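One-letter residues, chain by chain:
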Amino acid sequence: QVQLVESGGGLVQAGGSLRLSCAASGRTFSRYAMGWFRQAPGKEREFVAAIRWNGGTTYYADSVKGRFTIPRDNAKNTVYLQMNSLVPEDTAVYYCAAAWGDNVQDLTRNRADYWGQGTQVTVSS
């Protein structure tokens, strides 16, 4: 069982930056691929970014490539989403997720074993 708690959301102007954090419970954090997803009002949840257990490989949605990064710190059981050059279209609830067994392919297909409760990000124009 893994519990995920996101933090760091808020209101930011277009062009600004935010860093989201996702703290995971348990001692097997390094066995999970981790990902970030988002859901805007009236839209389906979409994949944003994912990272393999050792941080060696990352994956990004086309809409955030070059603007977002997804580092992780296994010693702190934490994964981050660094968001730069934010635009109003990035406004959404952002969710952290974990996929057992380094199954990053599941994450890129919008599937995960555990989900956080979400944190709101609002980008004003």
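The coordinates are above.
Keep in mind that what you see is a predicted model, and the values were worked out from it rather than measured.

Moving on, we come to the pattern of salt bridges. Here the structure, examined in full by the defined rule, presents six salt bridges. Residues participating in the shared-partner salt-bridge network are Arg38, Glu46, Arg67 and Asp90.

Mapped onto the elements of the fold, Ser21 is located in strand β3 (residues 18–24). Apart from residues lying up to four places away in sequence, Ser21 is in contact with Val5, Glu6, Ser7, Trp36, Thr78, Val79 and Tyr80.

Here we take up the packing of aromatic side chains. Enumeration over the complete set of coordinates arrives at four aromatic pairs. With centroids separated by 6.1 Å and ring planes inclined at 65°, the aromatic side chains of Tyr32 and Tyr114 adopt a geometry described as edge-to-face. Taken as a pair, Tyr32 in strand β4 (residues 32–39) and Tyr114 in strand β11 (residues 114–115) lie far apart in primary sequence, 82 residues in all. Residue Tyr32 is classed as buried on the basis of its relative accessible area of 5%. Among the aromatic residues, those joined into a ring-pair cluster are Tyr32, Trp100 and Tyr114. One cation-aromatic arrangement involves Arg45 over Trp115; the distance from NZ or CZ to the ring centre is 3.8 Å.

Okay, the pairing of strand β1 (residues 4–7) next. Residues of β1 alternate between two faces, with Leu4 and Glu6 buried on one and Val5 and Ser7 left unburied on the opposite face. Where β1 meets β3, four bridges bridge the pair, whose relative direction is antiparallel. Note that in β3 the partner of Glu6 across the bridge is Cys22.

Basis of the calculations
- Residues numbered from 1 in each chain as written.
- Predicted model: local features only at pLDDT ≥ 70, side-chain atom pairs only at ≥ 80, totals over all residues.
- Heavy atoms only, no water.
- Salt bridge = Lys/Arg side-chain N within 4 Å of Asp/Glu carboxyl O.
- Helix = DSSP H or I, 4+ residues; strand = E, 2+ residues; numbered from the N terminus.
- Contact = heavy atoms within 4.5 Å.
- Phe/Tyr/Trp six-rings, centres within 6.5 Å; stacked < 30°, edge-to-face > 60°.
- Buried < 20%, exposed > 50% of the residue type's maximum accessible area, 1.4 Å probe, protein only.
- Lys NZ or Arg CZ within 6 Å of the ring centre and 35° of its normal.
- Pairing = 2+ DSSP bridges.

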